[in-house]
Amino acid sequence: MERVEVTGSRILSAGALAPAPVQVMTAADIASSGAANLQELLLKSPVFGGGAGSNSLGRNNSNFLTSSSGVSTLDLRNLGVDRTLVLVNGRRYVSGIPGSSAVDLNTIPTDFIERVEMLTGGASSTYGSDAVAGVVNIILKRNINGLKLDMQLGRSEKGDDDKKKFSASFGTSGADGRANLMAHFAFTRQGQTMARDHGVPYDQTSLAVLNPKTTNPADIFNVRQPTFSAFAPAGHFYFTDADKKDVDFTYDAAGKQIPWSQNGPAGDGVGATGFNRQAYRAISVPTDRMLLAAKGDYALNDKHQIFFEGTYAATKTKSEIEPFALASSDVYPNTEVVPTEFLINGTMVRNPLVPANVVGDYFFQRRMTDLGSRIQQADRDTFRFVLGMKGEVNPTWSYETYLGYGATKEGQRGNGQVNVLNMRNALEAIPDGKGGVMCRDELARAQGCVPINIFGAGTISPAGVKYIAAPQSLNTKVTQKMAGFTVSGEPFEMPAGPVGIAVGGEWRAEFSEDVHDALTATGLNGGNALPDTKGSFNVKELFVETRLPLLKGLPLIKTLDGIAAVRASDYSTAGKTNSWNTGLDWAANSTVRVRVTKAVSTRAPNVGNLFSAPSQTFPPGLKDPCNGVKSSDTSVLATNCKAAPGVAANMAANGGVFTLTQPDRDGISGFDSGNPDLKPEKGNSTTFGLVITPKGIPVLDKFAFTADYFDISIDKAINTPGRQYALDQCYSGNDTSFCKFITRRPTGTPGNSAGSIDLINEVPVNSGGQVAKGLDFTASYSDKLGTGRVNGRLSYTHLLKAEYKATDTATPDPTAGELGSPRNRWSLSLGYENGPWALSTTTTFIGQSYLNDSFRKGYPQFTKADFKVASKTYLDMQGTYALGKAQFYLGIDNVLNTKPAPIVSGLPGNTTGTATDAGTYDAIGRRYYFGVRYSM
C-alpha cells in the first residue's frame, strides 16, 4: 500500500488519517459551483469569515482600498488572514499583499486543483508560523490524461457582473512511465457592478446615526435618503461678509449663484445642491486573470524522482469611486481658507476669478469632476517555482527535499487626485495686465502654472486640469525564498505496530516593499499620506514529529495512537520561538473513531507589522462618545469630554450640548504604522472529534458523520486595539493611556466644529488576544436512487464563543453572534446523476446576528433585539448534460434572489457604497452562467 502524507502531518504512512479535524472540497465541488475563483466556493463553507469581523478581502469589499483592491484572501474562524496559512501541495506560497503573509487566491488555477483540505487548529509545529487558526492546503491534480477544455459565460440578472472563462489542462506521460508532465492555461474575466444598478442609487445614512437620541428602533436600519455629500461639482462656498453674516452658496447649471441646500429644502433631494456619490460607486472590482501552471516529475530509478511545480499569474483589476472631494483646508491646512487678495509690490491685488460678492477670504468644498472618477488600475504578476527530489531509502524510510522561489509584483496607476501645491498656485491668480489672468507666483509661472476658476461646475480649463492633476503610482514587490527537507520513516516497532517519525528543517526569507509616487507619499495629492515601506526577515527551523502505536486489537480499541510534534524557530527579527502539538487517535472499531489534539502555535510579526511607515487613513463608522453630552452632565464621561480641547466651545455654541455635523463624522483621520519591537504571538488550540462511519447498518451505512469541538485562543496577540475602543476607553476613564492617540480640534474651522475629532492614530502591540470556540458537524451520504445516484454533504458550524481583548487587562468583548460571526452557519450540497444528466444544488445559511455591542452601547434606549440582523439563505444550482466527450452545463447562483442584509451607511460592518456587509452577504443578486467542458 502506498505511503502518503496527509494535511496536518509530515509522516508518510499507509492508510494515513488526518490527526486533526479536516474538511475537504473536491474538484467535483469546484466544477459544480461554476466558480472562476476558488474563494467564491470556499466562502460558502461555515469555517471561513469574509465580512464584518474579518479582514478577508474579495472583489465585493475591496473597491475603496488604495491598494490590494480585487485580491482574494481567506480567514479561518474570523481570526485573521495572517493566522490562516495557505499551502499548495503542503508547501508555502508567496503572499499577494505587501507586508502580509496572505495568499491571493486569484493566482491559484481553479481547474488545476484536485482538492482543498481545511484543517482547524494550530499546526505551527508541522508547518511553521501563521498556522494559528488552521491550514488551507490546496492539492493540485496528480494526473491528467489528454486535453481538457472548459469554456463559460455568465451574467447577473441586472445585465452586469459579466463572467468569461476559458481553461485548458493537458497531461501526458512518457512511454516508459518514468516522466509525467501536466500543464494548465486559464483566462477569466469578471466584470464590474455599480451600486446604482443594485438597489442603492442614492447616498443614504442610518436615521439612528443621524439622530442618536431617537426612540424609534426602526431608525437603526432605516435610512435618510438622500444624504448627499457637501462636496459638489459646482462647489460649496462660504465666507463672512462685511456685516459679519455668513454667506453660503453654490451654482446652478446656468452658472448662477444660488443658496446652498445639501439635501434640498425639504430634505428629500428635490432642489438639492449636494452630490450623489452612489452614482459613481462600484460594488465589485472588475478582474482579469491569466494563469499558467505546470507540474511534473521524472523517475531517476525505481526509488528516486525529481519533481517541479511552476505557476505564473497575471491579474488586472480596476477600482472606481466618485471624483475627488477637495476642500480649501486641504490646500491651506493652516488657515483653511483661500485668500482673495495678494500684496503685489506694496498694493493689494484681487483675484479677478473670484466673484465680486465674495468679501475677504473664503472656504470651499468642491467635487473635482473636472478630473474624472478616481480610478486605480493594478497589474499584478505572481511567479512561483519549486524544484525538489524525493524517494525511498528502503521500504520504510523516505525523504523529500526542495527549493522554492516566489515573487509578486504590482504596478498600480491612478488618476483623479489633486496636486495641492499646484492647486494653491493656481488659486492665487492676479491680472496679467493684458486683460487676462496669471498665477501670482513667478516661479510657478515659469513652471507652467495655469490659473483656475473653481466657481461653478466644469469651470476649470483643460490646461488647468492638466496642471493640477496628480497621477498616482504604486509599485510593490514581495519575494519568498524557501528550502526544506524531511526524512520520514519507521525506526522500530512496538507491540501495536511500527513507530512513525519525521524530522526535518526549513529555511525561509521574506521581503516586501511598496513605493508610492512622491505626492502620495507626502500627502500632497489631497489624499492620505502613504509613505513607502520596506522590510525583510528570515527564519531557520527544525522540527520532529512522531506517531506512536500505543494499543491495538483489544476490545473497543482497534487502534490507539499517540501523536506528538515540536518545532524550534529562529527569526532574524523576532528571535526564537517554539511550537508543539500532541494528541491521541483512537479507533474503537471500524465505525467509531475519536481524535484529540492540543497544540501551541506561533505567529511571528510580518513585514507590515514591523516596518510599516505611518500611513494616513480615514476610518469610517466611528462614534464619538462625547456626541450629545450636555454641559450640565456630571458623569465621568461628561467630565472627561468637557476637559478635551474644543468641547466646551462647541457646547457653548450649541445650547450646552456637544453637537457634531456630518462633515465632523466624515472628517476623522489618523495614521497607522508598524512596531519594530513586536514579538511573536502564541495560539493555544484544543480539538476533540468523533468520526462515525456506520458499517453493516442498513441505510446508515451510506452515511459518514463527524463532530468536532474546537477551542482556539491567542495570547499577546499582534493587534491594534481599535479606534472605537480607544475612544471609549479614553473618555470613560477606564484607560486614559489611549487619550494620547486622539487629537481634537481646539477651535472651529470653516468645515468642522470645535471639539470634533481630527486624528486617532494606531500602532500594533503585543497585547490582548482572541478566542474562538465552537462545534463543527459534517454528514455525507451517497447511494443509488432509482437508475441514478444521489449524494449529499452537510457542513454545519455552531459558534459557542468568540471574543476579542484589546489589551491584556481589558474586559473581553464578546463577538459571537455579532455581524460577520453568526452563531449558526451551514452549507448543504445535494446532487443527483442519472445517465448523461446531473443536477447539483448548494444551500448556504447565514444565521441571525446583531450589530456589535460597541455600537449598541451608544443607544441605551434600545434593547439588543432592536439591533438584530435577520438570517439569510442562498441557493445555487447547476445542471449538466453529457454528450459524447462534451459536458454542457447551466447554472444559477442565488436562485431565490435573496436580498442582502440592510447594513446601511453609518452602521458597523457596512461596506462603503453597497448598503450591506458585502463580504458576508451577496450584494449583486441572481446570476446565470452556462458553459461546456470537453475532453480529448
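Bear in mind that the values here come from a model prediction, so they are computed numbers and not experimental data.

Student: Teacher, can you tell me more about the UniProt feature "domain: TonB-dependent receptor-like beta-barrel" (unreviewed entry) in the chain here?
Tutor: Per the UniProt annotation, the sites labelled "domain: TonB-dependent receptor-like beta-barrel" (unreviewed entry) are residues 377–895. Span residues 377–895 is 12% helix and 52% strand, its end C-alpha atoms 32 Å apart.

Student: Would you mind going over helix 14 (residues 723–732) with me for this structure?
Tutor: Since the α-helix packs 3.6 residues into each turn, any two residues three or four apart lie on the same face. The buried count for helix 14 comes to 7 of 10 residues, which makes it a mostly enclosed element. Along helix 14, the residues classified as buried are R723, Q724, A726, L727, Q729, C730 and Y731. Where helix 14 is buried, its residues contact strand 38 (615–617), helix 11 (636–643), strand 39 (670–672), strand 43 (742–744), strand 44 (757–760) and helix 15 (853–856).

Student: I keep staring at the environment of I220 and nothing clicks. Help me out?
Tutor: Here I220 lies in the loop between helix 4 (207–210) and strand 15 (223–224). Sequence separation between I220 and V209 is 11 residues; the distance between their C-alpha atoms is 7.4 Å.

Student: How should the nonpolar core be read in this particular structure?
Tutor: Residues L42, V136 and I138 are the most contacted members of the largest nonpolar core, which totals 36 residues. Mapped by element, the contributors of at least two residues to this core are helix 2 (38–42), strand 6 (84–88), strand 8 (113–120), strand 9 (134–140) and strand 41 (703–715). When near neighbours in sequence (up to four residues on either side) are disregarded, L42 contacts M25, F48, L74, L105, V116 and M118. Among the nonpolar cores identified, the runner-up in size contains 30 residues, and Y362, V418, M423 and A426 belong to it.

Student: Teacher, can you tell me more about the side chain of Q39 here?
Tutor: Note on placement: Q39 falls in helix 2. Its relative accessible area of 7% is what places Q39 among the buried residues. Beyond its immediate chain neighbours, meaning those up to four positions away, Q39 contacts S56, L57, G58, S72, T73, L74 and L105.

Student: I would appreciate a short explanation of the packing of aromatic side chains in the present structure.
Tutor: Two aromatic rings, taken as a pair, are described by how far apart their centres are and by the angle between their planes. The final tally for this structure, using the stated rule, is 25 aromatic pairs. Measuring from centroid to centroid gives 5.4 Å for W826 and F845, while their planes differ by 10°, and the two rings are stacked. Of the two residues, W826 sits in strand 49 (residues 824–834) while F845 sits in strand 50 (residues 837–846), which places them 19 residues apart along the sequence. Take W826: its relative accessible area is 24%, and that puts it in the partly exposed class. Judged by centre distance (6.2 Å) and plane angle (15°), the rings of Y859 and F862 are stacked. Both residues of the pair, Y859 and F862, belong to the buried class. Through a chain of ring-to-ring contacts, three or more aromatic side chains come together here, namely F237, F239, F249, Y251, Y362 and F455. R77 extends its terminal NZ or CZ atom over the ring of F710, reaching a point 3.9 Å from the ring centre.

Student: Would you mind going over the sheet that holds strand 3 (residues 22–26) with me for this structure?
Tutor: The strands making up a sheet associate through hydrogen bonds between their backbones, and the pairing can be parallel or antiparallel. Taken in spatial order, the 5 strands of this open sheet run 3-8-9-6-7, and their pairing is mixed. If you trace the sheet from one side to the other, it starts and ends with strand 3 and strand 7 (91–92), each paired once. Pairing geometry for strand 6 and strand 9, over 5 bridges, is parallel. By the bridge assignment, L85 is partnered in strand 9 with V135.

Student: Help me understand the domain arrangement of the chain, please; the structure alone is not making it clear to me.
Tutor: Interface size, as often reported, equals the accessible area lost upon joining of the parts. The domains assigned to the chain are domain 1 (22–195 + 285–320 + 378–413 + 475–605 + 682–718 + 766–935), domain 2 (234–268) and domain 3 (609–674 + 723–761). Computed from C-alpha atoms alone, the centre-to-centre distance between domain 2 and domain 3 is 29 Å.

Student: So what exactly am I meant to see when it comes to helix 6 (residues 420–427) here?
Tutor: Residues of helix 6 that are buried include every one of V420, N422, M423, A426 and L427, and no others. Each buried residue of helix 6 lies within a common arc of 155° when the element is viewed along its axis, so the set occupies one face. For helix 6, the capping residue at the N-terminal end is N419, with a side-chain oxygen 3.1 Å from the backbone nitrogen of L421.

Student: How should I be thinking about the state of the cysteines in this particular structure?
Tutor: Disulfide: a covalent bond connecting the sulfur atoms of a pair of cysteines. Per the stated rule, a full pass over the model turns up 3 disulfides. Covalent S-S linkage joins C626 and C641, the inter-sulfur distance amounting to 2.0 Å. Negative torsions about the S-S bond denote left-handed disulfides, and the value of about -85° found for C626 with C641 makes this one left-handed. Residue C626 is found in the loop between strand 38 and helix 11, and its partner C641 is found in helix 11; the two are separated by 15 residues along the sequence. We note that C626, like C641, is buried. Covalently, C730 is tied to C739 through a disulfide, its sulfur atoms 2.0 Å apart. Between C730 and C739, the S-S dihedral sits near 110°, and the bridge is therefore right-handed. We classify C730 as buried; its relative accessible area is 4%. Among the residues examined, C739 registers a relative accessible area of 26% and is labelled partly exposed.

Student: Is there a simple way to explain the pattern of salt bridges in this structure?
Tutor: Pairing is possible between side chains that carry opposite charge, provided their charged atoms lie close to one another. In total, this model carries 45 salt bridges according to the counting rule given. Note that R115 is salt-bridged to E117, the shortest N-O span being 2.7 Å. A relative accessible area of 26% places R115 in the partly exposed class. A salt bridge links D150 to K165, with the nearest nitrogen and oxygen atoms 3.6 Å apart. With D150 in strand 10 (residues 146–156) and K165 in strand 11 (residues 163–173), this pair connects stretches of sequence that are 15 residues apart. A network of salt bridges, in which partner residues are shared, links R10, E506, E541 and R567.

Student: Explain empty space enclosed by the protein to me, please; I cannot follow it from the model alone.
Tutor: Empty space among the atoms becomes visible once a probe the size of a water molecule is rolled across them. As enumerated under the stated definition, the model contains 8 cavities of 30 Å³ or more in all. If you list the elements that add at least two residues to the lining of the largest cavity, you get helix 2, strand 4 (48–49), strand 10, strand 50, strand 53 (872–883) and strand 55 (927–935). Within the lining of the largest cavity, the residues separate by chemical class into 14 nonpolar, 18 polar and 11 charged. Here the second largest cavity defines a volume of roughly 210 Å³. If you trace the second largest cavity, you find 25 residues lining it, with S100, S101, D130, R508 and E510 closest to the centre. Elements supplying a minimum of two residues to the lining of the second largest cavity: strand 6, strand 30 (472–489) and strand 33 (500–516). Among the elements that line the lining of the second largest cavity, the one with the most residues is strand 33, at 4 residues.

Student: Could you clarify how one ought to interpret the sheet that holds strand 17 (residues 246–251) in this entry?
Tutor: Taking strand neighbours across the sheet as the criterion, the 5 strands line up as 18-17-16-25-22 in an open arrangement whose pairing is antiparallel. Looking at strand neighbours, the two that pair on one side only are strand 18 (257–259) and strand 22 (325–327), the edges of this open sheet. Geometrically, the sheet is characterised by an average inter-axis angle of 25° between neighbouring strands, direction not taken into account. As paired elements, strand 16 (residues 236–240) and strand 17 share 4 bridges and run antiparallel to each other. By the bridge assignment, F237 is partnered in strand 17 with F249.

Student: Would you mind going over a nonpolar patch on the surface with me for this structure?
Tutor: A cluster of nonpolar side chains, contributed by L548, L550, L551, L554 and L584, occupies part of the molecular surface with about 370 Å² of accessible area. Summarising the element assignment, L584 is placed in strand 36 (residues 575–587). Exposure remark for L584: the relative accessible area of 41% places this residue in the partly exposed category.

Student: Honestly, the pairing of strand 40 (residues 681–692) in this entry has me stumped. Any pointers?
Tutor: Note on strand geometry: in a regular strand, side chains alternate between the two faces of the sheet. Side-chain alternation along strand 40 places E681, G683, S685, T687, G689 and V691 on a buried face and K682, N684, T686, F688, L690 and I692 on a face that remains uncovered. Bridge analysis of strand 37 (residues 592–603) against strand 40 gives 12 bridges, and the strand direction is antiparallel. Each residue of the ladder has a partner; that of K598, found in strand 40, is T686. Pairing of strand 40 with strand 41 involves 11 bridges; the strand directions are antiparallel.

Student: Got a minute to help me understand the packing of helix 11 against helix 14 in this structure?
Tutor: Packed helices, taken two at a time, are described by their axes: the angle between them and the distance between them. Where helix 11 contacts helix 14, the two axes come as close as 7 Å, and the packing angle between them is 100°. Relative to helix 14, the element helix 11 lies roughly perpendicular. Residue-level inspection shows V636, L637, N640 and C641 of helix 11 in contact with helix 14, the latter providing C730, Y731 and S732. Looking at the contact of helix 11 with helix 14 residue by residue, the classes come out as 5 nonpolar, 2 polar and no charged.

Student: Looking at this model, I keep getting lost on the environment of G90. Mind explaining?
Tutor: Within the secondary structure, G90 sits in the loop between strand 6 and strand 7. A relative accessible area of 5% places G90 in the buried class. Between the C-alpha atoms of G90 and F364, which are 274 residues apart in sequence, the distance is 57 Å. Residues within four places of G90 in sequence aside, it is in contact with R10, Y127 and N137.

Basis of the calculations
- Residues numbered from 1 in each chain as written.
- Predicted model: local features only at pLDDT ≥ 70, side-chain atom pairs only at ≥ 80, totals over all residues.
- Heavy atoms only, no water.
- UniProt positions renumbered as here; feature names shortened; annotations may be inferred.
- Helix = DSSP H or I, 4+ residues; strand = E, 2+ residues; numbered from the N terminus.
- Buried < 20%, exposed > 50% of the residue type's maximum accessible area, 1.4 Å probe, protein only.
- Contact = heavy atoms within 4.5 Å.
- Core = buried A, V, L, I, M, F, W, Y, C linked by side-chain atoms within 4.5 Å.
- Phe/Tyr/Trp six-rings, centres within 6.5 Å; stacked < 30°, edge-to-face > 60°.
- Lys NZ or Arg CZ within 6 Å of the ring centre and 35° of its normal.
- Pairing = 2+ DSSP bridges.
- Domains from an automatic or database assignment.
- Arc of directions from axis to C-beta.
- Polar contact = N/O pair within 3.5 Å; in protein donor to acceptor, adjacent residues only side chain to side chain.
- Disulfide = S-S within 2.5 Å.
- Salt bridge = Lys/Arg side-chain N within 4 Å of Asp/Glu carboxyl O.
- 1 Å grid on protein atoms, 1.4 Å probe; cavity = no way out; pocket = protein on both sides within 12 Å on 5 of 7 lines; lining within 4 Å.
- Points joined across faces, edges and corners; volume = space filled by probe spheres on them.
- Nonpolar A, V, L, I, M, F, W, Y, C, P; charged D, E, K, R; others polar.
- Axes fitted to C-alpha atoms, helices over the stretch in contact; angles between N-to-C directions.
- Patch = residues over 30% accessible without salt bridge, like charges linked within 9 Å, V, L, I, M, F, W, Y side chains within 5 Å.
- Areas by Shrake-Rupley, 256 points an atom, 1.4 Å probe, with all protein chains shown as cover.
- Parallel < 35°, antiparallel > 145°, perpendicular 65-115°, else oblique.

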